[in-house]
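Overview (structure and organization)
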Amino acid sequence: MTSETQIQIEPGWKSHLLEEFAKPYMGELREFLRRELSSGKTIYPRGGEYFNAFNCTPFEKVKVVILGQDPYHGPDQAHGLCFSVPQGVGTPPSLINIFKEIQADLGCSAGDFGHGNLKNWADQGVLLLNSVLTVEQGRAASHQGKGWETFTDKAISELNEKREGLVFMLWGAYAHRKGEVIDARKHLVLKAPHPSPLSAHRGFLGCRHFSKTNAYLESQGKSPIDWRLA
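Overview of the structure.

Reading guide: rules and limits
- Residues numbered from 1 in each chain as written.
- Predicted model: local features only at pLDDT ≥ 70, side-chain atom pairs only at ≥ 80, totals over all residues.
- Heavy atoms only, no water.
- Phe/Tyr/Trp six-rings, centres within 6.5 Å; stacked < 30°, edge-to-face > 60°.
- Helix = DSSP H or I, 4+ residues; strand = E, 2+ residues; numbered from the N terminus.
- Buried < 20%, exposed > 50% of the residue type's maximum accessible area, 1.4 Å probe, protein only.
- Salt bridge = Lys/Arg side-chain N within 4 Å of Asp/Glu carboxyl O.
- Pairing = 2+ DSSP bridges.
- Axes fitted to C-alpha atoms, helices over the stretch in contact; angles between N-to-C directions.
- Lys, Arg positive; Asp, Glu negative; His and termini not counted.
- Expected span 1.5 Å × (residues − 1).
- Contact = heavy atoms within 4.5 Å.
- Disulfide = S-S within 2.5 Å.
- Polar contact = N/O pair within 3.5 Å; in protein donor to acceptor, adjacent residues only side chain to side chain.

**Let's talk about the packing of aromatic side chains**
What the rule picks out here adds up to 16 aromatic pairs. Ring centres of Phe51 and Trp148 lie 5.9 Å apart, and the angle between their planes is 75°; on these two criteria the pair is classed as edge-to-face. Taken together, the positions of Phe51 in the loop between β1 (43-44) and α3 (52-56) and Trp148 in helix α6 (residues 148-162) put the pair 97 residues apart, joining distant regions of the chain. Like Phe51, the residue Trp148 is buried in the burial classification. Ring geometry for Trp121 and Trp227: centres 4.9 Å apart, planes at 85°, overall edge-to-face. Of the two residues, Trp121 sits in helix α5 (residues 119-123) while Trp227 sits in the segment after α8 (209-219), which places them 106 residues apart along the sequence. When sorted by exposure, Trp121 lands in the same class as Trp227, which is buried. An aromatic cluster is built from Trp13, Phe21, Tyr50, Phe51, Phe54, Phe59, Trp148 and Phe151, whose rings are joined through pairwise contacts.

**With respect to the pattern of salt bridges**
Across all of its chains, the model carries 14 salt bridges by this definition. Notably, a salt bridge pairs Lys23 with Glu20, separated by 2.8 Å at the nearest N-O pair. Judged by relative accessible area, which is 34%, Lys23 ranks as partly exposed. Bridged by salt links that share partners, the residues Glu36, Lys41, Glu136 and Arg139 form one connected network.

**Examining the sheet that holds strand β2 (residues 64-68)**
The 4 strands lie next to each other as β3-β2-β5-β6, forming an open sheet whose pairing is parallel. Whereas interior strands pair on both sides, the edge strands pair on one side only; in this sheet they are β3 (126-130) and β6 (188-192). Sheet twist, expressed as the average angle between the axes of neighbouring strands with direction ignored, equals 20°. Sheet topology places strand β5 (residues 167-171) next to β6; 5 bridges connect them, and they run parallel. The residue bridging Trp171 from the neighbouring strand is Ala192, located in β6.

**Notes on the side chain of Arg163**
Within the fold, Arg163 resides in the loop between α6 and β5. Of the side chains bearing the opposite charge, Glu60 lies closest to the buried Arg163, which forms no salt bridge; the N-O distance is 4.2 Å.

**As for α6**
In a regular helix each residue adds 1.5 Å, so 15 residues correspond to 21 Å; α6 covers 21 Å between its end C-alpha atoms and thus fits that length. All of the buried residues in α6 are Trp148, Glu149, Phe151, Thr152, Ala155, Ile156, Ser157, Glu158, Leu159 and Asn160.

**Regarding α8**
When we look at burial in α8, the residues that qualify are His209, Phe210, Ser211, Thr213, Asn214, Tyr216 and Leu217. Next to the buried residues of α8 lie β2, α4 (93-106), β5 and β6. Looking one or two residues past α8, Gly221 carries a phi angle of roughly 75°, positive in sign.

**As for the state of the cysteines**
All chains considered together, the criterion is met by 0 disulfides. The thiol sulfur of Cys82 is not disulfide-bonded, and the nearest other cysteine sulfur, from Cys56, lies at 12 Å. Using a relative accessible area of 1% as the deciding quantity, one classes Cys82 as buried. Cys207 takes part in no disulfide bond, and the closest cysteine sulfur, belonging to Cys108, lies 14 Å away.

**Quick look at the side chain of Lys178**
Mapped onto the fold, Lys178 is located in helix α7 (residues 173-178). By relative accessible area, Lys178 is classed as buried at 10%. A distance of 3.3 Å separates a polar atom in the side chain of Lys178 from the backbone oxygen of Glu149. There is a polar contact of 2.5 Å between the side chain of Lys178 and the side chain of Asp153. Excluding residues that lie within four positions of it along the chain, Lys178 makes contacts with Leu67, Ser131, Glu149, Thr152, Asp153 and Ile156.

What follows is the structure, encoded as structure tokens:
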């Protein structure tokens with residue numbers, strides 16, 4: 001992972017994150033993943049999708065950042081984009097609430113969300129970034145504290161420092177803490193409870209983050225996000 005030719009990550013992101021791959025924590029993370037896989041454990045997402053969020057949304061094209069915590073740990077769910085699942089996989093409860101909020105906020109219909117694959121958002125400039133990029137099957141948060149948080153902290157720091165006029169959507173206490181470094185004078189920071197069924201009713205539903213995001217992007221001379229997926 002220390003050789004440039006081995007790092008399968010979008011060139012713009014690579015230019016900002018390359019030094020991270022040579023640091024000791026990344027070597028320890030690589031060895032941890034190797035041990036887990038060699039012991040027969042199943043890791044999600046698959047190896048080629050660890051950096052999917054970065055590869056789908058190049059550094060210079062990021063307009064919005066949605067922060068998640070760690071990948072889904074059920075079969076066939078995680079594919080490297082936070083809150084997203086591949087087409088054909090059932091929509092998880094938190095994502096159902098996200099869709100409900102978009103419908104209420106923007107007047108979309110349920111028919112605009114016939115699946116849970118958010119790659120269309122990523123292609124428009126929405127970085128769908130989990131704090132932790134891998135997880136063991138059936139064990140939520142099993143790869144926290146192994147080094148991924150340091151790597152994604154650096155990614156957020158680079159966006160905060162090198163870009164202007166971005167929108168950061170921070171849902172839940174974990175995302176709020178991770179986003180404390182963001183300069184609200186340069187970017188729009190939107191905070192709400194997590195969209196999980198356990199907390200969505202405490203303020204995520206009704207937060208209107210999606211209309212606020214598009215209004216801000218337009219004020220910055222940027223095209224708004226089409227949040228529909230149909």
